[in-house]
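Architecture at a glance
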There are 2 protein chains.
Amino acid sequence: MTKETDLSITLPTPTSASGHIRLAHGGGGRLMHNLVQDIFAPHFGGKAIIEGHDSATVDIGTSRCAFTTDSYVVKPLFFPGGDIGTLAVNGTVNDLSMVGALPICLSVGFILEEGFPLETLDRIAACMASAAALAGVSLVTGDTKVVERGKGDGLFINTSGIGLVSENLEIGPKCVEPGDIILVNGDIARHGIAVMIAREALGFESNIESDTAPLVGPVQRLIKAGIDIHCMRDLTRGGLASATVEIAEASGVDILLDEASIPVRANVGAACELLGFDPIHVANEGRFIAFVAQQDAHAALELLRQEPSCGEAAIIGRVTDEGSGRVAMTSLVGGSRMVDMLSGEQLPRIC
Amino acid sequence: MTKETDLSITLPTPTSASGHIRLAHGGGGRLMHNLVQDIFAPHFGGKAIIEGHDSATVDIGTSRCAFTTDSYVVKPLFFPGGDIGTLAVNGTVNDLSMVGALPICLSVGFILEEGFPLETLDRIAACMASAAALAGVSLVTGDTKVVERGKGDGLFINTSGIGLVSENLEIGPKCVEPGDIILVNGDIARHGIAVMIAREALGFESNIESDTAPLVGPVQRLIKAGIDIHCMRDLTRGGLASATVEIAEASGVDILLDEASIPVRANVGAACELLGFDPIHVANEGRFIAFVAQQDAHAALELLRQEPSCGEAAIIGRVTDEGSGRVAMTSLVGGSRMVDMLSGEQLPRIC
């Protein structure tokens, strides 16, 4: 199950129907979407699952709560700019932020492999505590399980989170309209490349660091200023491409991105070229897109640029029309091309 | 991290201090408690973690919410009377119930190993949907991650849950008082023995089935009848022994159990004897103890016995005194003995 779904897509490809989980089922692309559609949606039928949203919105008593979960299996556990613990806090905080919620508290579940060093666990717990303090959330409850040597991979972390959603706030794919302007809060593709370089012995030096960061600040700044936000999505697995295609399909609109406007740092662009990746497919952990009403776009851009780590925020596209859920991109070299999710797996265990 | 903690206990034993995770760190006994004390409590400091409770209680807006998380790594995935999916729903529903909350919704996080059969995943999802319907909760949000072959063990499930706690309800170790009567909602030790027999080729036939069940019904019945409940705890990892010792230590009281009153079915008792287990250390997944005010004990017993699968509910002990957190048990053969948590691991991956 995943927080994004697409009920309009076709049946699994023959490979997927072959009947076993593949790495790409966890990759944020087509196979994962088919898994949700074919197995989880029929059984669970949750609103967030059906509507394709980062968090569920649930009334608990008199409060409107956002609720989300994510497991983290990133490899290696520590990488330039971050670690699995920081990622586990920021990722869940960000999923709450994407529905406009103010994140309040997180749970933490550890699955540890026998033999895992206690000192490393202690370091990761310290990183989680720092990340939680920075994001303004409390880690309030937890669980530990241990599996035998060879039945896990050091440590996996699940975090779930609860946020508070304002009564009058409605943010999601169904609110997207033709004319909406799409902003991104900074340069893309750093997290995926940083992890990739840390993991593989690629034989080149790099100072590329993950972009992992809590998105509470930028999102709350937009909300408090009264920006008319229609939809938001963080650019994690599947990157900018998956996020825009998911929203286009869930909203039934067509989207046009402008490649020249999408911020990619020179060293990240060079690494992508070397590795044969398109930056729009690479994972981020501190980046999101916001669909805002046309008249608020420039105000939103100015607000975002006031936030730490959002200095490169940019307007990168717009919703062109009611449509069939297609995403096109005017390319750097002229002309335009269609954007789709990856069907296979680019970088397993990126988060 | 775990939901039970004990800040009074001593430093890790030399074995634990040797610096690596052992299976017993996930076993619900002393080592797990030391892990929480030494690593998680200092960093996270959550109220539920410090106070030794099954769920955290958090104000979200104007609502008083219970919040809990558990990962499930039980082996095998299917066992007599249950499966990992049913367990993942009931276990989290039960942790919410133990603070008197009405469970509302759950999240589901899957960590799948490459090669896991889709058909098995579909069966488990169906079991989760049935269990959720029975417990009256919705599965509202989820996540899927996939790890490479050999880096997991088929599938692990995390569920987190939110419940609603009545404004005037205060249930927890700090409410326990001398004179409180301790009830259990039925016979103990079936879950652990059922899983053990399913897992190991023990060479004997058995019709012992797991007791896995949602505890919403019995708990809500007690609450609605106005029973003065001081504390509850479900008897999972570590069994009745860990649950009573945890509460005794967290409450600063002494407890006396009466072995003859603790319901154990004959075939379960025989299997325990054969395997060298004491039933009070064996895990359950549909059993809990309730500490109630003396004058309400018999009413509580009658109410419990009206619930399906609680026909064998019994009064099994009492809080004798303010004290130093000791649990004693008057034994079947006369005399009494001290009850403690296990320091090692009896049955790894029981839930």
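Keep in mind that what you see is a predicted model, and the values were worked out from it rather than measured.

A separate point is the overall build of chain A. For chain A, the count of helices and strands is 10 helices and 14 strands. The C-alpha radius of gyration of chain A comes to 19 Å, within 12% of the 20 Å expected for a compact globule of 351 residues. Across the 351 residues that make up chain A, the buried fraction comes to 65%. Long-range pairs, those at least 24 residues apart, make up 84% of the contacts in chain A between residues at least 6 apart in sequence. If the 24 positive side-chain charges of chain A are averaged to one point and the 43 negative ones to another, these points end up 3 Å apart.

This part is about the packing of aromatic side chains. A full pass over the atoms with the stated rule returns 6 aromatic pairs over all chains. Judged by centre distance (6.3 Å) and plane angle (80°), the rings of F67 of chain A and F67 of chain B are edge-to-face. One end of the pair, F67 of chain A, is in strand 2 (residues 63-72); the other, F67 of chain B, is in strand 2 (residues 63-72), on a second chain. The same class applies to F67 of chain A as to F67 of chain B, namely buried. Ring centres of F40 of chain B and F44 of chain B lie 5.8 Å apart, and the angle between their planes is 15°; on these two criteria the pair is classed as stacked. Residue F40 of chain B and its partner F44 of chain B are located together in helix 2 (residues 30-44), separated by 4 residues, close to a single helical turn. By the ring-pair criterion, three or more aromatic residues cluster together here, those being F40 and F44 of chain A together with F110 of chain B. We note K145 of chain A situated over the ring of Y72 of chain B; from NZ or CZ to the ring centre the distance is 5.6 Å.

This next bit is on the sheet that holds strand 7 (residues 155-164) of chain A. Residue and element names in this part refer to chain A. Here 5 strands make up an open sheet; going across it, the order is 1-2-7-5-6 and the pairing mixed. For this open sheet the edge positions go to strand 1 (56-60) and strand 6 (138-147), each flanked by a neighbour on one side alone. Along the sheet, successive strands turn relative to each other by an average axial angle of 20°, direction set aside. Two strands pair when backbone bridges link them, and strand 5 (residues 102-113) and strand 6 are joined in this way by 9 bridges, in the parallel orientation. Paired with E113 across the two strands is V147, which belongs to strand 6. Strand contacts of helix 5 (residues 118-135): strand 5, strand 6 and strand 7, with the helix running at about 15° to strand 7, the strand carrying the most contacts.

If you rotate chain B by 180° and push it 0.0 Å along the axis, it lands on chain A with an RMSD of 0.0 Å. Such a combination of rotation and displacement between the chain copies is what one expects of a two-fold axis. Considering only C-alpha atoms, the part of chain B nearest the rotation axis is G152 of chain B, at 2.2 Å. By residue overlap, the copies meet face to face through one surface: 100% of the interface positions of chain B are interface positions in chain A.

Our focus in this paragraph is helix 2 of chain B. All names here are of chain B. With 15 residues, helix 2 extends 20 Å from end C-alpha to end C-alpha; this agrees with the ideal 21 Å at 1.5 Å per step. In helix 2, a bend of some 35° at Q37 exceeds every other bend along the element. Counting buried positions along helix 2 yields 12 of 15 residues, so the element is predominantly enclosed. Every buried residue of helix 2 is accounted for by R30, L31, M32, H33, N34, L35, V36, Q37, I39, F40, A41 and F44. Trailing helix 2 by a residue or two, G45 shows a phi angle of about 60°, which is positive.

On to the interface of chain B and chain A, then. Counting residues at the interface gives 81 residues for chain B, matched by 81 residues for chain A. Linking chain B to chain A there are 10 salt bridges. Here K75 of chain B and E148 of chain A are joined by a salt bridge, their closest N and O atoms 2.9 Å apart. Across the chain B-chain A interface, the total number found is 29 residue pairs in polar contact (both at pLDDT 80 or more). Among the elements of the structure, helix 2, helix 3 (47-51), strand 1 (56-60), strand 2, strand 5 (102-113), helix 5 (118-135), strand 6 (138-147) and strand 7 (155-164) of chain B are those that each provide at least two residues to the side of chain B that touches chain A. In terms of residue count, strand 5 of chain B provides more of the side of chain B that touches chain A than any other element does, 10 residues in total.

Right, let's get into the packing of helix 6 (residues 190-199) of chain A against helix 9 (residues 266-275) of chain A. All names here are of chain A. Here helix 6 crosses helix 9 at 60°, and the two axes come no closer than 10 Å. On the basis of their axis angle, the class for helix 6 and helix 9 is oblique. Relative to helix 9, helix 6 is oriented so that their crossing is left-handed. Contact with helix 6, carried on its side by R190, I193 and M196, involves V268, A271, C272 and L275 of helix 9 and no other residues of that element. Partitioning the contact of helix 6 with helix 9 into residue classes produces 6 nonpolar, no polar and 1 charged.

All names here are of chain B. Side chains I181 and L183 project from strand 8 (residues 181-184) onto one buried face, and the interleaved I182 and V184 project onto a second face that is buried too. The pairing of strand 8 with strand 11 (residues 288-292) spans 4 bridges and is antiparallel. Each residue of the ladder has a partner; that of V184, found in strand 11, is I289. Two strands pair when backbone bridges link them, and strand 8 and strand 12 (residues 314-322) are joined in this way by 4 bridges, in the antiparallel orientation. The residue of strand 12 that forms the bridge with I182 is G317.

Glancing now at the confidence of the model for chain A. Residues and elements named next belong to chain A. Of all residues in chain A, 92% have pLDDT values of 70 or greater, and the mean over the chain is 90. Segment residues 1-17 is flagged for pLDDT under 50; beyond a separation of four residues in sequence, or across chains, it makes 65 contacts in the model. Under the prediction, the complex receives an ipTM of 0.92, its pTM being 0.93.

The next point concerns helix 10 (residues 297-305) of chain B. Every α-helical turn comprises 3.6 residues, leaving residues that sit three or four positions apart pointing alike. Residues and elements named next belong to chain B. Buried within helix 10 are the following residues: A297, A300, L301, L303 and L304. Here the buried residues of helix 10 occupy an arc of 165° about the axis, which is enough to place them on one side. In this fold, the buried residues of helix 10 make contact with strand 8, helix 7 (216-224), strand 11 and strand 12.

Here the focus is the pattern of salt bridges. Oppositely charged side chains can pair when the atoms bearing their charge come close. In this structure the tally under the stated criterion is 38 salt bridges over all chains. When the shortest N-O distance is used, the salt bridge between R190 of chain A and D187 of chain A registers 2.8 Å. This pair shows no difference in class: R190 of chain A is buried, exactly as D187 of chain A is. For R64 of chain B, the salt bridge identified is with E170 of chain B, shortest N-O distance 3.3 Å. Here R64 of chain B is found in strand 2, whereas its partner E170 of chain B is found in the loop between strand 7 and strand 8, with 106 residues between them in sequence.

Residues and elements named next belong to chain A. Read from one edge to the other, the open sheet built from 7 strands follows the order 9-11-8-12-10-13-14, with strand pairing classed as mixed. The open sheet has two edge strands, strand 9 (229-234) and strand 14 (336-339), and neither has a second partner. Across the sheet, the mean angle from the axis of one strand to that of its neighbour is 25°, orientation sign disregarded. As paired strands, strand 9 and strand 11 (residues 288-292) are joined by 5 bridges and run antiparallel to one another. If you follow M232 over to strand 11, its bridge partner there is A290. Lying over the sheet, helix 10 (residues 297-305) contacts strand 8 (181-184), strand 11 and strand 12 (314-322), oriented at roughly 5° with respect to strand 8.

Cut-offs used in this document
Residues numbered from 1 in each chain as written. Chains lettered and ligands numbered in written order. Predicted model: local features only at pLDDT ≥ 70, side-chain atom pairs only at ≥ 80, totals over all residues. Heavy atoms only, no water. Helix = DSSP H or I, 4+ residues; strand = E, 2+ residues; numbered from the N terminus. Rg over C-alpha atoms; globule rule 2.2 N^0.38 Å. Buried < 20%, exposed > 50% of the residue type's maximum accessible area, 1.4 Å probe, protein only. Contact = heavy atoms within 4.5 Å. Lys, Arg positive; Asp, Glu negative; His and termini not counted. Charge placed at Lys NZ, Arg CZ, Asp CG, Glu CD. Phe/Tyr/Trp six-rings, centres within 6.5 Å; stacked < 30°, edge-to-face > 60°. Lys NZ or Arg CZ within 6 Å of the ring centre and 35° of its normal. Pairing = 2+ DSSP bridges. Axes fitted to C-alpha atoms, helices over the stretch in contact; angles between N-to-C directions. Least-squares fit on C-alpha atoms with pLDDT ≥ 70 in both. Expected span 1.5 Å × (residues − 1). Bend = angle between axes of the 7 residues up to and from the residue. Salt bridge = Lys/Arg side-chain N within 4 Å of Asp/Glu carboxyl O. Polar contact = N/O pair within 3.5 Å; in protein donor to acceptor, adjacent residues only side chain to side chain. Parallel < 35°, antiparallel > 145°, perpendicular 65-115°, else oblique. Left-handed = near helix turned anticlockwise from the far one by under 90°. Nonpolar A, V, L, I, M, F, W, Y, C, P; charged D, E, K, R; others polar. pLDDT = per-residue confidence, 0-100. Arc of directions from axis to C-beta.

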